[in-house]
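# Examination of the molecular architecture
These are the residues of each chain, in order.
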Amino acid sequence: MKTLLLSLLLLCSVSAAERITVRSNDAQVVAATLVLEAGGEGKAGMEAVREVIANRSRSSTLTEAEVCLKRLQFSCWNGSTVKAGIEKAKLHKNWLLALEVANAETTNHTSGATHYHTTKVSPSWAKRLTRTAVIKNHIFYK
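As the structure is a prediction and not an experimental result, all values here were calculated from the model. (Residues numbered from 1 in each chain as written. Predicted model: local features only at pLDDT ≥ 70, side-chain atom pairs only at ≥ 80, totals over all residues. Heavy atoms only, no water.)

### What about the sheet that holds strand S3 (residues 138-141)?
Here 3 strands make up an open sheet; going across it, the order is S1-S3-S2 and the pairing antiparallel. Bordering the open sheet on either side are strand S1 (115-118) and strand S2 (131-135), each of which pairs with just one other strand. Strand-to-strand, the axes of this sheet are offset by a mean angle of 20°, without reference to chain direction. (Pairing = 2+ DSSP bridges. Helix = DSSP H or I, 4+ residues; strand = E, 2+ residues; numbered from the N terminus. Axes fitted to C-alpha atoms, helices over the stretch in contact; angles between N-to-C directions.)

### What about the state of the cysteines?
On inspection of all chains with the given rule, the structure shows 0 disulfides. Just so you know, Cys68 is unpaired, no disulfide at all, and the nearest cysteine sulfur is the one on Cys76, 7.4 Å from it. Exposure remark for Cys68: the relative accessible area of 0% places this residue in the buried category. Since its relative accessible area comes to 15%, Cys76 is described here as buried. (Disulfide = S-S within 2.5 Å. Buried < 20%, exposed > 50% of the residue type's maximum accessible area, 1.4 Å probe, protein only.)

### Quick word on the packing of aromatic side chains
Evaluated as defined, the whole model comprises 3 aromatic pairs. An aromatic cluster of three or more residues is present, and its members are Phe74, Tyr116 and Phe140. (Phe/Tyr/Trp six-rings, centres within 6.5 Å; stacked < 30°, edge-to-face > 60°.)

### Points about the pairing of S2
As paired strands, S2 and S3 are joined by 4 bridges and run antiparallel to one another. Across the sheet, residue Arg131 finds its bridge partner in S3, namely Tyr141. Linking two consecutive strands that pair antiparallel, namely S2 and S3, is a turn of 2 residues; a positive phi of about 55° is found at Lys136 within it.

### Side note on the side chain of Glu51
Along the chain, Glu51 turns up in helix H4 (residues 42-58). We note that Glu51 is buried and unpaired, the nearest opposite charge coming from Arg58 at a distance of 8.1 Å. At 2.6 Å, the side chain of Glu51 and the side chain of Thr107 are in polar contact. A distance of 2.6 Å separates the side chain of Glu51 from the side chain of Thr110, its partner in a polar contact. Once residues within four sequence positions are removed from consideration, Glu51 is found in contact with Thr106, Thr107, Asn108, His109, Thr110, Ser111 and Ala113. (Lys, Arg positive; Asp, Glu negative; His and termini not counted. Salt bridge = Lys/Arg side-chain N within 4 Å of Asp/Glu carboxyl O. Polar contact = N/O pair within 3.5 Å; in protein donor to acceptor, adjacent residues only side chain to side chain. Contact = heavy atoms within 4.5 Å.)

Next comes the structure, spelled out in structure tokens:
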């Protein structure tokens, strides 16, 4: 019963159409997040974003794909469907590299970061966290 309730709770965080995609395309969801959030940042930049995804997943009951799709967590998914996001990401020159990063062992360029933002913004939450790394145009925190 407890497992059923947990499953229902997790399924409510994404739409019915997206649930099917998440189950069948977890690596693609993560890779799309990497491309759409840090595709221009090269391999190290995408690995760093993957670290944030993995660290959030480890500290919750969510899969990495569910972490990516959680409401308001990664701006690339705000107002986008899973299908549209993946299709857009597949057009990026670093799509295959992002898939490789999504399927590889997690790196540790960010010393355990769970948050990041671009250098162009200064969100209020950043003041409450410890800066762990700056990689290209992203600042990482835990």
